[in-house]
Amino acid sequence: MQEYISIRIFVIIVFVHPWKTTKNATPFYLSGNNDMDERQKSLILNSSSRFPPPQGVRLSYGTAGFRADALLLESTVFRAGILAALRSLKTHSVIGLMITASHNKVSDNGIKVADPSGGMLTQDWEPFADAIANAATPEHLVQLIDEFVKKENIHFHGVRSAEILLGRDTRPSGESLLEAAKQGINSIVGALAIDMGILTTPQLHWMVRARNKGMKATEVDYYEQLSVSFRCLIDLIPNGQKIHEIEDKLVMDGANGIGGEKMEVLKKMLDCLPIEVRNSGKGGGILNEGVGADYVQKEKVVPQGFGFKDVGIRCASLDGDADRLVYFSVPSCDSNMIDLVDGDKILSLFALFIKEQLSVLSMDGNEKISDDYRARFGVIQTAYANGASTDYLKQLGLEIVFTPTGVKYLHEQAAQYDIGIYFEANGHGTILFSECFLSWLETRCNELSSKNQDTEQHKAALRLLAVSKLINQAVGDALSNLLLVEAILQHMGWSIHKWVELYQDLPSRQLKVKVADRTAVVTANAETMVVTPPGIQDAINVEIAKYTRGRSFIRPSGTEDVIRVYAEASTQEAADSLASSVAKLVDQFLGFGSPR
């Protein structure tokens, strides 16, 4: 009996704590101590005194992490390093820290945390991030950390130390902020900061996800996975599919940021895709100034370095840290206006392709086969998605779900499906595949391969597996999304003009209305209706009813005391008029300010 009991206890300990202990380590499951000792407190006190917070500035951790003028950020980045180390101790996983301000001007910078999945920092920790970023003194900082450590039951003397991967984009301020982050990480005893170099934001997120899944996670591994998956999709293109010769070439705007630099590396591995990179940052251009996905999507004009010579050519634009992607074409020599292909149309292209592969996979010849696994396929949008895109997706028979604005909400909802696609109009989005579905797909692919490798069902299974490896499932990734777009356009034999004509966007208008207190507006149903103040939603509905295909909603800004107004209708004049009417209602009900 005694022998049997001792064996059971040994097995339980190995299962829960598989890491090797160091010679003098005291496993936390024996010590039970989650208090910071005096040495740890002293280390944080001394190091934080070298990074005093800026006076009169309060920063908040949002979807984009912390973001501000780079001169204000040293203290915040230092404290984010502490947070990342604590998160690593809590989750027993590798955590990421990315120093970037994405599509913001070059003088800005920011920092965001990548959780073990490679996704964004859990929302549960955002209040703690805000609190320590704004702690006025080192003593207050230590107090907040000590209280949080006890609340979260974080152990400093476990058998695995904190490990954080660091990345930064090409901003000049990145180097000094990286050093501040390292100092923050090093203020936690035993924590390890690993500098992964200058990266796109999605590359850093990809590396964190890969490391925690036990996969190879270097930048070379990233390029290898993308290029192999892309070539697989190209090899599976049906015979006879060919884009017109002028459409063979892709011209990419790199926003004078990191994306252009990384695409130059990647394209050397992609001899089957001719790409010309402009605005790579090497020609003296300024990051995100008159270039990039944010500029192109909002202004709907050609970026710097593009013009009449590009008429009829397929063009794409990345943002400064390469997590957003939009396409465009130059329709004529007489104007700098463009035909924009935004995130809604990228989503529609991906959804159409995946639906086609799932349909083929479920058929045997012309007969639909019964299968015990039916994949749940969902499309996730926000209220800002153009109504024409939603109508198109509904016509495809797809399940569509709306979430509040913000990638963290979209990503969380997409993860509820076997295949979940989300995109915002700004070009940020990705596709998520459940582990259960991928396991089934691998098995199905092997079964089909053993019978006949040349069946359409087998090719559809291979395509879906290739998509799951090409797409960055941690976060929106302009480079991987671009390669998937290119593969699908070649698969379908589509020009960019055919893609543009997939559906006609409804004209829209966005306004901001200054208010005394943005929290006075409370929304529901994924921000599509107003709960308070009472009566305003009824008044908005009256205005909407006046316009053909009218739609409008309001929502409070997350960063400033303004209410954002969105309106769309069948004509631009009608959309402008509806937006103006709703903005006046906001001013009337909240009694302050005017639209601008």
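Details of the structure are given in the entry above.
Summary of the structure given here. Values in this document were obtained by computation on a predicted structure and should not be read as measured data. (Residues numbered from 1 in each chain as written. Predicted model: local features only at pLDDT ≥ 70, side-chain atom pairs only at ≥ 80, totals over all residues. Heavy atoms only, no water.)

## Re the overall build of the protein
A count of helices and strands for the protein gives 20 helices and 21 strands. Against the compact-globule benchmark of 25 Å for 596 residues, the protein has a radius of gyration of 26 Å, which places it among compact chains. Projected onto the principal axes, the alpha-carbon positions of the protein cover approximately 70 × 70 × 50 Å. Within the structure as shown, the protein displays about 25800 Å² of accessible surface, and the carbon and sulfur contribution to it stands at 51%. Treating the 60 positive side-chain charges of the protein as one cloud and the 72 negative ones as another, the clouds have centres 2 Å apart. (Helix = DSSP H or I, 4+ residues; strand = E, 2+ residues; numbered from the N terminus. Rg over C-alpha atoms; globule rule 2.2 N^0.38 Å. Areas by Shrake-Rupley, 256 points an atom, 1.4 Å probe, with all protein chains shown as cover. Lys, Arg positive; Asp, Glu negative; His and termini not counted. Charge placed at Lys NZ, Arg CZ, Asp CG, Glu CD.)

## Notes on the nonpolar core
Within the largest apolar cluster, 87 residues are counted, with the highest numbers of intra-cluster contacts made by Tyr327, Phe350, Ile431, Phe437, Leu482 and Trp499. Core analysis: the next-biggest nonpolar cluster, separate from the first, contains 47 residues, Leu73, Leu83, Ala129 and Phe148 among them. (Core = buried A, V, L, I, M, F, W, Y, C linked by side-chain atoms within 4.5 Å. Buried < 20%, exposed > 50% of the residue type's maximum accessible area, 1.4 Å probe, protein only.)

## Digging into helix α9 (residues 219-235)
Its 17 residues give α9 an end-to-end C-alpha distance of 24 Å, which sits within 8% of 24 Å, the value for a rise of 1.5 Å per residue. Among the residues making up α9, those that are buried are Tyr222, Tyr223, Leu226, Ser227, Ser229, Phe230, Leu233 and Ile234. Down the axis of α9, the buried set is contained in an arc of 165°. They therefore lie on one face. When the buried face of α9 is taken as reference, the exposed residues oriented beyond 90 degrees from it are Val220 and Asp235. On its buried face, α9 sits against α8 (201-212), α10 (258-266), α16 (456-470) and α17 (478-492). (Expected span 1.5 Å × (residues − 1). Arc of directions from axis to C-beta. Contact = heavy atoms within 4.5 Å.)

## So, the sheet that holds strand β10 (residues 339-341)
Across the sheet, five strands lie side by side as β7-β6-β8-β9-β10; this open sheet has mixed pairing. Both outer strands of the open sheet, β7 (275-278) and β10, are each paired with one neighbouring strand and no more. Here the average twist between neighbouring strands, direction ignored, is 25°. Note that strand β9 (residues 325-329) and β10 share three bridges and pair antiparallel. When the bridges of β10 are listed, phenylalanine 328 appears paired with leucine 340. Packing of α10 onto the sheet brings it into contact with β6 (250-253), β7 and β8 (314-318), and relative to β7 it is tilted by some 150°. (Pairing = 2+ DSSP bridges. Axes fitted to C-alpha atoms, helices over the stretch in contact; angles between N-to-C directions.)

## Comments concerning the pairing of strand β19 (residues 529-532)
Note that strand β18 (residues 522-524) and β19 share three bridges and pair antiparallel. Bridge pairing links alanine 524 to methionine 529 in β19.

## Considerations on the pattern of salt bridges
Evaluation of the coordinates by the stated rule reveals 28 salt bridges. We note a salt bridge from aspartate 294 to lysine 298, for which the minimum N-O separation is 2.8 Å. In this pair, aspartate 294 and lysine 298 are both assigned in helix α11 (residues 293-299), four residues apart and thus about one turn of the helix distant. On the accessibility criterion, aspartate 294 (16% relative accessible area) is buried. What makes lysine 298 exposed here is its relative accessible area of 54%. With its nearest N and O atoms 3.7 Å apart, the salt bridge here joins glutamate 456 to lysine 459. Of this pair, glutamate 456 and lysine 459 both sit in helix α16, three residues apart, which is roughly one turn of the helix. For lysine 459, a relative accessible area of 22% gives the class partly exposed. (Salt bridge = Lys/Arg side-chain N within 4 Å of Asp/Glu carboxyl O.)

## Quick look at unusual backbone geometry
In this structure, proline 533 follows threonine 532 across a cis peptide bond, with omega equal to 0°. Among the structural elements, proline 533 can be located in the loop between β19 and α19 (536-544). Within the chain, alanine 255 stands out as a residue other than glycine whose phi angle is a positive 60°. Within the fold, alanine 255 resides in the loop between β6 and α10. Looking at alanine 255, the relative accessible area reads 0%, which means it is buried. In this model, arginine 549 sits at a positive phi of 55°, which is unusual for a non-glycine residue. Relative to the helices and strands, arginine 549 is located in the loop between α19 and β20 (551-556). For arginine 549, a relative accessible area of 46% puts it in the partly exposed group.

## Some details on the environment of valine 586
Looking at the secondary structure, you find valine 586 in helix α20 (residues 572-590). Each C-alpha atom of the pair valine 586 and proline 533 lies 9.7 Å from the other, and the pair is 53 residues apart in sequence. Aside from chain neighbours lying at most four places away, what touches valine 586 is Val513, Val515, Ile536, Ile554, Ile563, Val565 and Gly591.

## A word on the packing of α9 against α16
Two elements in contact, α9 and α16, have axes separated by 8 Å at closest approach and are oriented at 155°. Viewed along their axes, α9 and α16 adopt a mutual orientation that is roughly antiparallel. For α9 against α16, the interelement crossing comes out left-handed. Along the contact surface, α9 presents Gln225, Leu226, Ser229, Phe230, Cys232 and Leu233, while α16 presents Arg463, Ala466, Val467, Lys469 and Leu470. (Parallel < 35°, antiparallel > 145°, perpendicular 65-115°, else oblique. Left-handed = near helix turned anticlockwise from the far one by under 90°.)

## Remarks on the pairing of β9
In terms of burial, β9 is a largely internal element, five of the five residues being buried. With four bridges joining them, β8 and β9 adopt antiparallel strand pairing. Pairing of serine 317 across the sheet is with valine 326, part of β9.

## Here's the deal with the sheet that holds strand β21 (residues 562-568)
Read across the sheet, three strands follow the order β17-β21-β20 without closing on themselves; strand pairing throughout is antiparallel. Edge positions in the sheet fall to β17 (508-514) and β20, since each of these pairs with one other strand and no more. Here the average twist between neighbouring strands, direction ignored, is 15°. With seven bridges joining them, β17 and β21 adopt antiparallel strand pairing.

## Regarding helix α4 (residues 74-91)
Here α4 is 18 residues long and its end C-alpha atoms lie 26 Å apart, about the 26 Å a rise of 1.5 Å per residue gives. With respect to burial, α4 is a largely interior element, 15 of its 18 residues being buried. One or two residues past the end of α4 sits histidine 92, with phi positive at roughly 55°.

## Focus on the state of the cysteines
Within the structure shown, the criterion is met by zero disulfides. For the unlinked cysteine cysteine 315, the closest cysteine sulfur is that of cysteine 333, found at 13 Å. The closest cysteine sulfur to the non-disulfide-bonded cysteine 436 is located on cysteine 445, 17 Å from its own sulfur. (Disulfide = S-S within 2.5 Å.)

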